[in-house]
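# Fold and contact review
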Amino acid sequence: MSTTLSRRSLIAALAATPAAALAPRLSWAQAARTLTIGVVSDPVTLDPAMMASFFELSVQFNIHEPLVHVTPEMKIEPGLASVENPDPLTYRFTLKPNLTFHDGTALDAAAVKANFDRMMDPALGSPRRSELAPVDSVEVTGPTTFTIKLKTPYAPFLQVIAIRAGMMVSPTAVKTLGADFATKAVGAGPYKVVSWTKNSELVLERFDGYWRGKAPIERLVFRPIADETVRLANLRSNTVQLVDAVPAQTVAALSREANITLKQSPGLGFNAFSLNCTRAPFDNPAVRRAFVTAIDPQTVLRAVYFGTGSVAAGAIPPSIAWAYDPKFAPYKPSADAAKKLLADAGITSAVPVSITVTNSPAQVRTAEILQAQANQAGFKVEVKQIDATSLITVLRQKDFDLCMSPWSGRTDPDGNMYNYFTKTGPNNFAGYQSDKVTDLLEKARSATAEGDRAKLYREAEAAIAQDAPMLFLAFPATLQASAKGLDWVQYPDGAFRLQFARFA
């Protein structure tokens, strides 16, 4: 009804408008059908079962729809389905009626089960498999109803399926496209794939059958622009109308520009460095503690983040207020204290260490600060720069002494800690082995009361700080900007969900 009234009002307004005034307005209306987004990186895949990079998330949320939604306030609300949780091990879902994927395939309970079976199949090698490890069974109970049973209580389960693991894809398209599904994915989100030219542009078109109604903007074009200066120049020229990863040093200037809207909010992730616990010099906990003691994160916050965001002492950011401990400060930065830790460990000569970072200006600047501070405390630091596409390989192969390990964050503390600090966690790049921490994090994901979980996470953070397998530096703010005429909602995780975006 509202769409019809809007169109009638527009027709009436146009009829009453002098012809001379129509041309520029119609030209703007034509241009406003397309939103062009400048992003840091091209996606690796369009298949949500296989994505492993934060930079894919904004694209994925516009192609694929999760079973439930997380709000900007990080609350769970119904999405494709509503859910009941009669006991800690049982989740009963009811899908909305008459749902379809972009290719017309029914999005019913059988399709949902097919999605979970695919993600949990070891042969696929999906990163979602670890996220869904507590799932015992998915049972179809009717055309639009299904029940998920867990092996053990899993407190973050709904948060998990509100993001990657809950994004449904067409089982028909998976079968017919085969390997091409990664580049021609078919979902049920507000937009469908039109074309993808790698490292150039990804074009999405509005899906008229989207269950929440047609998106106001007809077409999205994602353009990878790695250089932050070029990305902002494109925004200022209106070549793109929305950009992610605004450089912190430009925040003050952008906030004063009349044609740009700058948005910032506390993020969910952290900027940190993994210390390789599997080889010298960081196989020695005393050396790890000495290095962490040598570093002043406040300096990094000032010089790299220009006062945006906040200092990190652990993995839980202030945005997850119920679990965050603002008083947690396990290390007092001091070069002299770091030297004493090394001396007490019997180390009398400078400790050689290499710091591995990607070749982005912010990360190189961070590494140079760490280098200067650690060198004053008894270390001899070398900085190694690598291409961003090589980072995950270096981390997984543990081919480093100290390596940047930034995390985009999750809406539940489990997502920031379990995979990084449990003994077999897929993001345990440090090779950190602690029975105590693994036990605490297992208990925390199984506990049902928020207060109990918060206590367990704080215990885990304290134990991790004592063992020092990771150097925490900052909780970066989510910084994004758009043309003034674009109305859009920012989410703490930084992913663009554009089904309700519109040009004013």
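Just so we're clear, the structure is a prediction, and the values are computed from it rather than from any experiment.

## Looking at the overall build of the protein
Helix and strand counts for the protein come out as 17 helices and 21 strands. For a compact globule of 504 residues, the expected C-alpha radius of gyration is about 23 Å, and the protein comes in at 24 Å, within 12% of that figure. Each principal axis of the C-alpha atoms in the protein carries an extent, and together these give about 85 × 60 × 40 Å. Within the protein, the fraction of its 504 residues that count as buried is 51%. Considering only contacts in the protein between residues 6 or more positions apart, those separated by 24 or more positions represent 70%. By element, 53% of the accessible surface of the protein is carried by carbon and sulfur atoms, the whole surface being about 21800 Å².

## Some points on helix H17 (residues 450–467)
Along its 18 residues, H17 runs 26 Å from first to last C-alpha, staying within 8% of the 26 Å computed at 1.5 Å per residue. Looking at H17, one finds that the buried residues are Arg453, Ala454, Leu456, Tyr457, Ala460, Glu461, Ala463, Ile464 and Ala465. Contacts from the buried residues of H17 go to helix H15 (413–421) and helix H16 (435–446). A positive backbone phi angle near 55° is found at alanine 468, which sits one or two residues after H17.

## Side note on the pairing of strand S1 (residues 34–39)
When you tally the buried positions in S1, you get 5 out of 6 residues, the bulk of the element. Where S1 lies against strand S10 (residues 219–224), 6 bridges are found, and the strand directions are parallel. When the bridges of S10 are listed, glycine 38 appears paired with arginine 223. Sheet topology note: the S1/strand S11 (residues 242–243) ladder contains 2 bridges and is parallel. The partner of isoleucine 37 across the bridge, within S11, is leucine 242.

## So, the nonpolar core
In globular proteins that are soluble, nonpolar side chains generally tend to be buried together. Grouped together as the largest cluster of nonpolar side chains are 130 residues, with contacts concentrated most on Phe116, Phe157, Phe291, Phe379 and Phe421. In terms of residues, this core owes the most to one element, strand S18 (residues 470–475), which gives 6 residues. Those residues in contact with phenylalanine 157 that lie beyond four places of it in its chain are Tyr91, Phe93, Leu132, Val135, Ile148 and Leu150. Of all hydrophobic cores here, the second largest spans 13 residues; its members include Ile225, Leu254, Leu479 and Ala481.

## Remarks on the environment of aspartate 344
Mapped onto the fold, aspartate 344 is located in helix H12 (residues 335–344). The exposed category is assigned to aspartate 344, whose relative accessible area is 58%. It is 28 Å that separates the C-alpha atoms of aspartate 344 and phenylalanine 429, two residues lying 85 residues apart in sequence.

## Things to note about the confidence of the model for the protein
When pLDDT is averaged along the protein, the result is 91, and 94% of the positions lie at 70 or above. Confidence over residues 1–30 falls short of pLDDT 50; this stretch has 6 contacts with residues more than four positions distant or in other chains.

## Notes on the sheet that holds strand S14 (residues 310–311)
Taken in spatial order, the 6 strands make up an open sheet running S14-S18-S13-S17-S15-S16, and their pairing is mixed. On the outer flanks of this sheet lie S14 and strand S16 (379–386), each paired with one strand and no other. Across the face of the sheet, helix H13 (residues 361–375) comes into contact with strand S13 (271–275), strand S15 (351–358), S16, strand S17 (402–404) and S18 while running at roughly 170° to S16.

## Structural notes on unusual backbone geometry
Geometrically, the link from alanine 280 to proline 281 is a cis peptide bond, its omega value of 5° lying close to zero. Along the chain, proline 281 falls in the loop between S13 and helix H10 (285–294). With a phi angle near 50°, alanine 245 is a residue other than glycine that sits in the positive phi range.

Basis of the calculations
Residues numbered from 1 in each chain as written. Predicted model: local features only at pLDDT ≥ 70, side-chain atom pairs only at ≥ 80, totals over all residues. Heavy atoms only, no water. Helix = DSSP H or I, 4+ residues; strand = E, 2+ residues; numbered from the N terminus. Rg over C-alpha atoms; globule rule 2.2 N^0.38 Å. Buried < 20%, exposed > 50% of the residue type's maximum accessible area, 1.4 Å probe, protein only. Contact = heavy atoms within 4.5 Å. Areas by Shrake-Rupley, 256 points an atom, 1.4 Å probe, with all protein chains shown as cover. Expected span 1.5 Å × (residues − 1). Pairing = 2+ DSSP bridges. Core = buried A, V, L, I, M, F, W, Y, C linked by side-chain atoms within 4.5 Å. pLDDT = per-residue confidence, 0-100. Axes fitted to C-alpha atoms, helices over the stretch in contact; angles between N-to-C directions.

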